[in-house]
Each structure stands twice: as C-alpha cells, then as structure tokens.
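Here is how the chains run, residue by residue.
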Amino acid sequence: NGATSDIAITTHGSDWYWAVCAVMVASTIVFMGLSFTKPRTHRLFHYITAAITMVASIAYFTMGSDLGETGIRPEFIRTNPKVSGTLREIFYVRYIDWVITTPLLLMDILLTAGLPWPTILYTVLIDEIMIITGLVGALVTSSYKWGYYTFGCFALFWVGWTLIWTGRKHAAAIGSDVSKTYLTVGTWTTFLWFLYPIAWGLSEGGNVISPDSEAVFYGILDIMAKPVFGALLIWGHRGIDPGRLGI
Ligand code: RET
C-alpha cells in the first residue's frame, strides 16, 4: 500500500549493496597486495587507492545492513507506486563515505599531475562544499533542496575545470607518459562525476526512482569511480617514478 508505506530498499536492494561491498573488499585486498610488489617509496598511490575502497567497503556494509539512513517526507508524491509513500529513505552514510573518499580520489589525480599542495587543498575544499551541500539538500524536504543542489553543481563545475584544464596542462609539462595516465583517469573521473548529480536528482532530489534503483545507479557509479578508477590509475603509474611528480 503505497500511500502509507515507507519508500525503502527491498531485500534485492540489500543483496545488491552486499555485492558491491564484496567488490570493494576484494579491490582493497588487490590494491594492498599490489603495493607489496613495489618498494615503500613507490606505494603512495596504492595506499591512497586502497584507503578509498576500504572506506567504501564499510559504507556498503552499512547500506547492505539497511543502516546509516534516515527518512524524509517527500513533498511531491509521485504517481509511480514505487516512489509514493510517507517517508523516503536517505542514506546519509553515502555522504560520510564521499566526504572522505572524494578528496582521496582528487589527491590520486592531482598528485599525478604534479600540482602544488595549495591547488590540491583548495580543490579538496570546493569538493567538500559539493558533498556537504548535497547532504543538506538531500535532507531538506522543501524546494530549498534545489538551492543546495545548485551550489553543489557550481562546486562540481569548479572541480571539473581544475581536472580538465589546470591538471591537464601540468601533467603535459611533466612528460607524455604522465600526460597519458592523467588524461585516462582525469577524463574517466570527470565523465563519471557528472553522472552523480543525475542520480541524486532522480533519488534524494526528485523521488523519481525507487531506493532499489538508486542502489543500482549509485552502485555502478561507485564501482566505476573507485575500483575501476583505481585499476586504471595504478596501471598508469607502473612506469612513472614518483620523484618526477615532486613526491
Ligand atoms: C551531489 C548532489 C549535489 C550536487 C552534486 C553532487 C555530486 C556528487 C559527486 C559525487 C562523487 C562521488 C564519488 C564517490 C566515490 O566513488 C552531492 C550528488 C554535483 C560528484 C566519486
């Protein structure tokens, strides 16, 4: 009965979250294992990348257990029975994951470009504005939520600009191998990150898709943006001496 029930994940949603959790745990083990094939001085990117999938493992453990969430009352009840109900589940634990892992992802990418620390730090700050405005917007039930969403989108454009312009120029100045790796991970990330606000608009934002569909949408994005990204990054660094990047 849609009108009085909660809008929450089903056992299928939970199973999917557990499957993604398993992918994150396996990737963490692989990234850590690969780090041991390198001397300590050449392990920074392995450690950062393993930390990202490790944090995601815990977030997915939480969502698989149907925890780390709260309910909001969507003001616009859809006619789609899958998304009509009293309370929509909002997984705030996602944002706790993102506030830790998106800065680490940016460090992976911007350190590859050899950017100076001040540039990395302000980009991380803007990124945190993006995640926090997304969290606040997700919890707000009135149309003010789209105000927060707009702030977050501006922040994403700023980060995107740093990735496709500032970072690309710096990487190109270091050498063609660095430039090639940078272009791979930078383009992959910029493309994927722009899909997150779409997922948000359909789930936490507009309540257009069910929490199970939200699980699939974000889950696929997270697998692409973390384990697949990590594999591309670590592969790209195989022949690059970190000394050339100033680390
Ligand atoms: C929100 C909503 C507010 C507007 C924007 C967003 C962007 C989120 C992004 C998240 C990236 C997460 C990653 C997670 C790790 O795998 C917060 C959804 C722009 C870009 C890469």
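A brief structural summary. Along every chain, residues carry numbers that run from 1 in the direction the sequence is written. Local features in this predicted model are restricted to residues whose pLDDT is 70 or higher, and side-chain atom pairs enter the listing and the counts only when it is 80 or higher, whereas totals over whole chains, interfaces and linings include all residues. Just so you know, side-chain values use all the structure's heavy atoms and leave hydrogens and water out.

As for the pattern of salt bridges
Part 1 of the reasoning: By definition, a salt bridge exists where a carboxyl oxygen of Asp or Glu is found within 4 Å of a side-chain nitrogen of Lys or Arg. Applying the stated criterion to the full structure yields 4 salt bridges.
Part 2 of the reasoning: The shortest N-O distance in the salt bridge between Lys 226 and Asp 97 comes to 2.8 Å. Pair noted here: Lys 226 is in helix 8 (residues 211-236) and Asp 97 is in helix 3 (residues 93-112), with a separation of 129 residues, a long-range link. Accessibility classification places Lys 226 together with Asp 97 in one group, the buried group.
Part 3 of the reasoning: Between Arg 244 and Asp 177 there is a salt bridge, with its nearest N and O atoms 3.0 Å apart. Here the residue Arg 244 occupies a position in the segment after helix 8, and Asp 177 occupies one in helix 6 (residues 176-193), the gap between them amounting to 67 residues. Numbering of helices and strands starts at the N terminus; helices are DSSP runs of H or I of at least 4 residues and strands are runs of E of at least 2. A 1.4 Å probe rolled over the protein chains alone gives each residue an accessible area, and that area as a share of the maximum for its type sets the label: buried under 20%, exposed over 50%, partly exposed in between.

Concerning the environment of Ala 51
Part 1 of the reasoning: For Ala 51, the position within the fold is in helix 2 (residues 44-64).
Part 2 of the reasoning: The class for Ala 51 is partly exposed, based on a relative accessible area of 24%.
Part 3 of the reasoning: Expressed as a C-alpha distance, the spacing of Ala 51 and Thr 28, which sit 23 residues apart in the sequence, is 7.5 Å.

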